[in-house]
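Breakdown of the fold
Okay, here's what each chain looks like letter by letter:
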Amino acid sequence: MNVFDWLQDLDLPAGFQEFDLVEIRFKGGRKEFYRNDKRLLLITGDAVVVEAGGNGWHLGYVSLKGELVRLQMKKKKVAQDSKDIRTIIRVATAQDVERYEAARELELNTMFRARSVVDELRLKMKLSDVEYQADRTRATFFYSAEDRVDFRDLIKRLAEEFRVRVEMRQISLRHEAGRLGGIGACGRELCCSTWLTEFKSVSTTAARYQNLSLNPAKLSGQCGRLKCCLNYELETYLDALKDIPQVSRPLQTQMGDAFLQKTDIFKKRMWFAFRGDNNWIMLPTERVKEIQALNKAGEKPDTLLAPVTEPVVEVSVQEHVEGSLDRLDDKIKAGKRAKRKKKGKEKGPVAPGPGVQPKPTATLPKDAPRPRTEPKPKPPVEATPPAEGAAGAPKAGGRSGSRRGRSNVTTDAPRTDRPAPRFDPRFRNAAGPAPDGSGPASKPPGEEGRGERSGRSRRGGRRGGPEAGGGAPANPSPSAS
């Protein structure tokens, strides 16, 4: 991965000379520094021809130039006046690029043939890559091995077969994975093949600090070693672990001993569980420290959880001086409630719903005497006896033949035991004129009282003519004479 040159488009000040060292990139991400003695005008990405380590020349690409190269050399601790720094010969031509591409095509077949020779010699080594020099005079074989390997016979056979100078270079498994490349478990290209150039040792302690499961299949990379990314966040975890208490023994309570199950470093939470219980109890780190202090003093709390205390609501100075900001809302709501109550009173009582029980009312028992409303007394009306021979009048020296005509004398006072009789309009003109035209026709026996009752008023009195004054009718029936 190339470093972005953010100074390449800036013009140099007058009289300022550009830094004469340039960083060149080769196959597999290998980078070296070369001196630009001829002051060639180079741009990042240009192909240049440089001096090889022995005799001949090699082709590479410019990856960095200018003042940023000075910073890179300072970071990698490379001296500017070192004699190992070689020079740039020229800018590569089209013929140089063609020869370099032709040499690259031979590398794959050469690697397969070299591996077969290694198997024939039964050497405990692994060939990972081959790099031909651009002038095809030398080939570098990269291998990895756990122990020292005697490859003198191997060099002789390879030199005789390929007619080149053979150079054997041992690399670590991490460098091997960087040269081959690949996709990591995170879904991105391997760090060792893109930007990571310095490899630091990684131990399982880094995984323990980060609370990762010690599973070699998950912690190992494609190189077979622990992943380099385990060191990326290690310092952050070490800073967060300073506030986490060390639990070397279970917490002692009245309910039993609680054992540590899990720790969340960044949220500062710890989970404990009693022996034989699958329910975990989450505790903050402050509570864990309190229980550890009590256990150290020989005391055991009742439970792991802290006693619950109701928070005290403190009134701010603004609310104390000015009052609550919601006071206007409360006042408006109270006014609306009062208006609703007033409207409810004007409309009258509302019938309760089907689910509402009516309020109990005071009722009198059935056996209790009820008050009776007595009507106001009216002045008595003097009853005039009917004329002799009139209808309904008693006969001389005997009783009346009709039982209904006994009581012809009534008063205007109503009877309290039954309601006053209503006037029926059918009996107003019940008696028609007599056949001779002299008066009303005579009634059959047993019907004398009906005419008399029909003449009564609604209040029980008799309705009479002007001559009788309310007594018998003006023309008596023939039976009365």
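Quick summary incoming for the structure in this document. In this text, all values refer to a predicted model and were calculated from it rather than measured experimentally.

This part covers the overall build of the chain. Along the backbone of the chain there are twelve helices and twelve strands. Burial analysis of the chain (481 residues in total) assigns 26% to the buried set. Considering only contacts in the chain between residues 6 or more positions apart, those separated by 24 or more positions represent 58%. As displayed, the chain has an accessible area near 35,700 Å², and 52% of this comes from carbon and sulfur atoms.

Right, let's get into the pairing of strand β7 (residues 138–144). Of all seven residues in β7, seven are buried; the element is thus mostly enclosed. Alternating residues of β7 divide into Arg138, Thr140, Phe142 and Ser144 and Ala139, Phe141 and Tyr143, and every residue in both groups is buried. As paired strands, strand β6 (residues 126–132) and β7 are joined by six bridges and run antiparallel to one another. Each residue of the ladder has a partner; that of Val130, found in β7, is Phe141.

Judged by side-chain charge, Lys333, Lys336, Arg337, Lys339, Arg340, Lys341 and Lys343 come together as a positively charged surface patch. The exposed category is assigned to Lys343, whose relative accessible area is 56%.

In spatial order, the strands read β1-β2-β5-β3-β4; together these five strands close into a barrel with mixed pairing. On average, adjacent strands in this sheet sit at an angle of 55° to one another, irrespective of strand direction. Of the pairings in the sheet, the one linking strand β3 (residues 47–51) to strand β4 (residues 57–65) comprises five bridges and is antiparallel in character. Looking at β4, one finds that Val48 is bridged to Gly60. The strands touched by helix α1 (residues 67–75) are β1 (21–25), β2 (31–35) and β4; relative to β4, the strand with the most contacts, the crossing angle is about 100°. Helix-sheet contacts for helix α2 (residues 94–105) involve β3, β4 and β5 (86–91), and the interaxial angle to β4 is about 110°.

Residues lying three or four places apart along an α-helix face the same way, a consequence of the helix completing one turn every 3.6 residues. When we look at burial in helix α4 (residues 152–162), the residues that qualify are Leu154, Leu158 and Phe162. Looking straight down α4, one finds its buried side chains confined to an arc of 35°; they lie on one side. Facing away from the buried side of α4 by over 90 degrees, the exposed positions are Arg152, Lys156 and Glu160. On its buried face, α4 sits against α3 (107–121), β6, β7 and β8 (165–170). Residue Arg163 follows α4 closely and has a positive phi angle near 60°.

Here we come to the packing of aromatic side chains. Going through the model one piece at a time under the given rule, you end up with four aromatic pairs. For the ring pair Tyr143 and Phe151, a centre distance of 5.7 Å and an interplane angle of 65° mean the geometry is edge-to-face. The burial state of Tyr143 is the same as that of Phe151; both residues are buried. Summarising the aromatic geometry, the rings of Trp195 and Tyr232 are spaced 6.1 Å apart at their centres and angled 40° between planes, so their arrangement reads as tilted. Here Trp195, found in the loop between α5 (173–180) and α6 (204–209), pairs with Tyr232, found in the loop between α7 (216–219) and α8 (234–240); they are 37 residues apart in sequence, far enough to count as distant. Taking relative accessible area as the criterion, Trp195 reaches 43% and is therefore assigned partly exposed. Take Tyr232: its relative accessible area is 40%, and that puts it in the partly exposed class. Above the face of the Trp57 ring, Arg90 is positioned so that its terminal group lies 5.9 Å from the ring centre. The cationic tip of Arg179 hangs over the ring face of Phe142; the distance from NZ or CZ to the ring centre is 3.8 Å.

As a rule of thumb, soluble globular proteins bury nonpolar side chains together. By size, the foremost hydrophobic cluster in this structure holds 20 residues, and its most contacted members are Met125, Leu127, Tyr132, Phe141, Leu154, Leu158 and Met168. Put simply, the parts of the chain that give this core at least two residues each are α3, β6, β7, α4 and β8. Of the residues forming this core, the biggest block, four residues, is contributed by α3. The residues contacting Leu127, other than those within four sequence positions of it, are Ala114, Arg115, Val118, Phe141, Phe142, Tyr143 and Met168.

Below, the discussion takes up the pattern of salt bridges. The final tally for this structure, using the stated rule, is 20 salt bridges. The partner of Glu290 in a salt bridge is Arg287, with the nearest N and O atoms 3.3 Å apart. Residue Glu290 and its partner Arg287 are located together in helix α9 (residues 285–296), separated by three residues, close to a single helical turn. Looking at Glu290, the relative accessible area reads 42%, which means it is partly exposed. Overlapping salt bridges bring together Lys27, Arg30, Glu32, Arg86, Arg104, Glu107, Asp129, Glu131 and Arg179 as one network.

On to the environment of Arg269, then. Mapped onto the elements, Arg269 comes out in strand β11 (residues 269–274). Classification of Arg269 as partly exposed rests on a relative accessible area of 35%. A sequence separation of 25 residues divides Arg269 from Ile244, and the C-alpha atoms of the two residues are 8.8 Å apart. Dropping the residues within four chain positions of it, Arg269 is found in contact with Lys262, Thr263, Asp264, Met282, Leu283 and Thr285.

The four strands are arranged β9-β10-β11-β12 in an open sheet whose pairing can be described as antiparallel. Looking at strand neighbours, the two that pair on one side only are β9 (251–253) and β12 (281–284), the edges of this open sheet. Recorded for the sheet is a direction-independent mean angle of 40° between the axes of neighbouring strands. Relative to β12, β11 runs antiparallel, the two sharing four bridges. For Met270, the partnering residue across the bridge sits in β12 and is Leu283. Contacting β9, β11 and β12, α9 runs over the sheet at an angle of about 90° to β12.

Attention shifts here to α5. Every buried residue of α5 is accounted for by Arg174, Glu176, Ala177, Gly178 and Arg179. In this structure, the buried residues of α5 make contact with β6 and β7. Gly181 sits one or two residues past α5 and shows a positive phi near 80°.

The rules behind each value
- Residues numbered from 1 in each chain as written.
- Predicted model: local features only at pLDDT ≥ 70, side-chain atom pairs only at ≥ 80, totals over all residues.
- Heavy atoms only, no water.
- Helix = DSSP H or I, 4+ residues; strand = E, 2+ residues; numbered from the N terminus.
- Buried < 20%, exposed > 50% of the residue type's maximum accessible area, 1.4 Å probe, protein only.
- Contact = heavy atoms within 4.5 Å.
- Areas by Shrake-Rupley, 256 points an atom, 1.4 Å probe, with all protein chains shown as cover.
- Pairing = 2+ DSSP bridges.
- Patch = residues over 30% accessible without salt bridge, like charges linked within 9 Å, V, L, I, M, F, W, Y side chains within 5 Å.
- Salt bridge = Lys/Arg side-chain N within 4 Å of Asp/Glu carboxyl O.
- Lys, Arg positive; Asp, Glu negative; His and termini not counted.
- Charge placed at Lys NZ, Arg CZ, Asp CG, Glu CD.
- Axes fitted to C-alpha atoms, helices over the stretch in contact; angles between N-to-C directions.
- Arc of directions from axis to C-beta.
- Phe/Tyr/Trp six-rings, centres within 6.5 Å; stacked < 30°, edge-to-face > 60°.
- Lys NZ or Arg CZ within 6 Å of the ring centre and 35° of its normal.
- Core = buried A, V, L, I, M, F, W, Y, C linked by side-chain atoms within 4.5 Å.

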